[in-house]
Every structure is written in C-alpha cells, then in structure tokens.
Amino acid sequence: MSNTYTHSVTLDKDLCQGCINCIKRCPTEAIRVRNGKAIILKERCIDCGECVRVCPHHAKKVIYNVLSDYSHFKHLVALPAPSLYAQFNNLHDTETVLAGLLDIGFDSFYEVARAAELVSDATRKIIDKIPKPVISSACPAVVRLIKVRFPHLIEHVLPFVSPMELAARLAKQEVMEKTGLAEEEIGCIFISPCPAKITAINNPIGSSKTYVDGAVAMKDVYPLLLSSMKNPSKNVDASAGRIGISWASSGGESSGLVTVENYLACDGIENVIKVLEDLEDDKLGKLDFVELNACPAGCVGGVLTVENPFIAKTKLKAIRKYLPVSMNNLQNSIPTNMLWDTELEYNPVFELKGNRMERFQKYSEMEQLLEELPGLDCSFCGSPNCRTFADDVVRGYAKKEDCVVIMRRKMDKIKSALE
C-alpha cells in the first residue's frame, strides 16, 4: 500500500462551468471555484460523492476500474454489496443475482451481507464495552467526517472493519483452502454503490492492510447482470438472511442488533452532520447505538447505483420478506480479523497552522475580516460562505479583494475621490 492518500472523487476541468452547486453542498467545505473552475482541497475531501450527485455538468467523477482490469488474477471473487439486490425489478431471490455474477466472469462470490451479519453479532457482544452511544463504522465517509470535524466522538466509533473488508478476508481464506491458491493469486472485487467505499480500499480505515483488491461500479455491473440473469447457467445458494440484506438501507444495521432498543438511524450527509453536532453537544439523551449513512436512504442511495433509493428500499423489503432472520453467527468470541489494528486519529485539517500565538493572531484577523464582509454567503468569491472566505484569506488561498462587495466599496471610494 502507498502512503499517499488516494481519492476516488475527481474533477474533469473540461466539463466544469464554474457554477457554485458543488461548493454549497460539500459537507467539509472542500471545494472552491478559482479562475472559473472548481478545485477540490484533497485534505478536506471525504469522498462522500455529494458533489457528484449535484453537479449539473457531470464534471465531478468517480475513479474506479472495470472488470477486465482484474483478469490477471487466477481466481476472481465477487463481493456484492447488499444494495445490489435492490437494483432489479421483480427479483424474488438473491440467488439469481449471485448466479449472474458467475456468468459475467467471476469464479466465486462472498456476499457482503453474510459478513454484515457477523458484524451485527459482534456488535451485540461488544456494545456494552464501548462508550455510549456507539457509532457505526460501516460508512467510510461518516468515519472520515468524524476524523476531520468531530474528534471528541472518535472514542465512540465501533472498532470493527467494514463488512466489505471482512468479506474479503473470509473469502480469501475459503478460496485458499478449497483451491490451494496463494493469497496474491485471488482477487476480491467489491461491487460498490459509492465512491467512499472505493476510497476505503485505497486508504483502509482502522487497518494497516486491505484484502479487497479493487472495485467496480454497481452501475457498470448492472447491465451485464440483466442479460446473464435471464438464463443463469449455474445453481447457487445464498448465505445471508434478513439482517445482512437490511444493511443496504438506513436503519438496517440498527434493527439487526435486535436487543438494542435505544438507537438512532440517520441518512443524508446534511442530516448526519446535524446528528453529530447534537451528539457532540450531548443533546440527544441516552442512546446505545447510532447508525449514520452519508447517502440518502442508506447505501441504496449511493451515486454509483441505478435505482431511485426510495424505490430500492421498497424492493429490498420484498426480497427479504421470506428470508430467515440471520444465517451467520459467531461461534465463540470476536475474532481478531474483525477488529481494527490501527487507531482512528484526529485529522486537524480545519485548524490554522503555527504556534498558539500565531493561530490566535490569525483567528483575530479572521474575525476582523468577517466584520467587513457582507454576510450574504453568495459564493461569488469562490468560497462556500463568508466565514470560509475569511479563513481562505488568512491562509493565503484568496485575496480580500476577491469579495465583490469589498471590491465595489473600494471602487466607490476611488470614484468619490475623483469627483
């Protein structure tokens, strides 16, 4: 693994028109417009995909591979996210999708929903040993948001690898035992609904190493599966129940805890931020568990899916209706391959640099400049709002005169002096 942080969300400058849709919606204020084009401040980006969702010119793109890029592996394992099943019309069982994956080029599969049920079981075992409320670590965009904006909540984050990561670890173990292949000859490929999970492969959260070898977009796999699912050549058995499949939508992880009643499930990045702010201010009372999903309606709302997220939630209900509650449980204690092996650390990207005196001086300059600014939050300066613009000026990323109101006042003074 490289030490360089790799993002999956990027910008196509040729398509960018310099509008302000993205800078207004970015939850970490990671986007600016300079010289008529958007730029992404990589140290602030959490790859939530919100800019991809709102860009009318399709200038924000997600970097991912296609299936043929992984042909060098001797054995290819599909890791289908539970949200994949909710993309299809009139789907009565998940086996049809799983059989289709074998027909489009995969040698085997390991359902991420299967791993999710193990994470649910492990959470039930550990929930009383973590400071309440316990915050789910399933959504990488939310975890990275906590790292950069809510450091006081880090100790509450569930220290488990994601179901995607756990599925890859268990899949490789199974395939090695069955085939005798070496670990590096087996490719575990995640079928992703969102860019945040692709970024988590390149930059693992809580792990020094990932066993996921790559990802393909759900929207790219979808049309391939449509044709292969009509007449699948193989019969397969699914290995996940209602709890695992339910992880695809908001509230699914929480309901899978069964015995935990005091929980909160929230989706949509703006709502997530509000909940995290209230948690930090201790406004939400006694909660045992908090499930947060950056995408609307949960993973079914990821920008790499094809179905409307709320229609997908309805489809999900039909799919899981006749499934057993759960098909996967831990036999004994929580295995070490489920736990983080590295600490979650605060990433102070919003803090001003320098010693205490220098930071105090910069904050004073910011407050002084804010008094001069109009407070319109118009974004004509290329920053999301007036406070961020003041921060940019202090950091040297912008000039005071970039504010059109300040520039107009300056021109009016010059005009008055000349009259």
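Residues numbered from 1 in each chain as written. Predicted model: local features only at pLDDT ≥ 70, side-chain atom pairs only at ≥ 80, totals over all residues. Heavy atoms only, no water.

Novice: Can you walk me through the layout of surface pockets in this structure?
Specialist: Gaps between atoms show up when a probe of the same size as a water molecule is rolled over them. Roughly 410 Å³ of internal volume is contained in the largest pocket. Lining the largest pocket are 17 residues, with Glu29, Arg44, Phe350, Arg387 and Asp391 positioned closest to its centre. Looking at the lining of the largest pocket, the elements that each hand over two or more residues are helix 5 (140-149), helix 13 (356-372) and helix 14 (386-395). Split by residue class, the lining of the largest pocket holds seven nonpolar, three polar and seven charged. (1 Å grid on protein atoms, 1.4 Å probe; cavity = no way out; pocket = protein on both sides within 12 Å on 5 of 7 lines; lining within 4 Å. Points joined across faces, edges and corners; volume = space filled by probe spheres on them. Helix = DSSP H or I, 4+ residues; strand = E, 2+ residues; numbered from the N terminus. Nonpolar A, V, L, I, M, F, W, Y, C, P; charged D, E, K, R; others polar.)

Novice: I'm lost on the environment of Leu304 in this one. Help?
Specialist: Mapped onto the fold, Leu304 is located in the loop between strand 11 (289-293) and helix 12 (309-320). Sequence separation between Leu304 and Pro140 is 164 residues, and the spatial gap between their C-alpha atoms is 15 Å.

Novice: Is there a simple way to think about the packing of aromatic side chains in this case?
Specialist: The relation between two aromatic rings is expressed through the spacing of the ring centres and the mutual angle of the planes. Applying the stated criterion across every chain, the model contains one aromatic pair. Between Phe88 and Tyr222, the aromatic rings sit 5.1 Å apart at their centres with planes inclined by 25°, giving stacked as the arrangement. Taken together, the residues span a long stretch of sequence, with Phe88 in the loop between strand 5 (75-80) and helix 3 (95-103) and Tyr222 in helix 8 (residues 218-228) at a distance of 134 residues. Residues Phe88 and Tyr222 agree in their burial class; the two are buried. (Phe/Tyr/Trp six-rings, centres within 6.5 Å; stacked < 30°, edge-to-face > 60°. Buried < 20%, exposed > 50% of the residue type's maximum accessible area, 1.4 Å probe, protein only.)

Novice: Where do I start with empty space enclosed by the protein in this structure?
Specialist: Taken as a whole and judged by the stated rule, the model has seven cavities of 30 Å³ or more. Estimates place the volume of the largest cavity at around 210 Å³. Every residue lining the largest cavity is counted, 20 residues in all, and those nearest its centre are Ala138, Pro163, Lys197, Trp247 and Cys299. Those elements that place two or more of their residues in the lining of the largest cavity are helix 4 (112-126), helix 6 (163-179) and strand 11.

Novice: Explain a nonpolar patch on the surface here, please?
Specialist: A contiguous nonpolar patch, built from Met407, Met411, Ile414 and Leu418 and spanning about 400 Å² of accessible area, is present on the exposed surface. Looking at Met407, the relative accessible area reads 33%, which means it is partly exposed. (Patch = residues over 30% accessible without salt bridge, like charges linked within 9 Å, V, L, I, M, F, W, Y side chains within 5 Å. Areas by Shrake-Rupley, 256 points an atom, 1.4 Å probe, with all protein chains shown as cover. Salt bridge = Lys/Arg side-chain N within 4 Å of Asp/Glu carboxyl O.)

Novice: So what exactly am I meant to see when it comes to the pattern of salt bridges here?
Specialist: Pairs may arise between side chains of opposite charge once their charged atoms sit close together. For the structure on display, the rule yields 22 salt bridges. Glu50 is the partner of Arg53 in a salt bridge, and the nearest nitrogen-oxygen pair spans 3.5 Å. With Arg53 and Glu50 both in helix 2 (residues 50-54), this residue pair falls three residues apart, about one helical turn. Judged by its relative accessible area of 6%, Glu50 is buried. Across the salt bridge formed by Asp128 and Lys132, the nearest N and O atoms sit 3.4 Å from each other. Residue class for Asp128 comes out exposed when judged on its relative accessible area of 65%. Beyond isolated ion pairs, a larger network of salt bridges with shared partners links Arg25, Glu50, Arg53 and Glu270.

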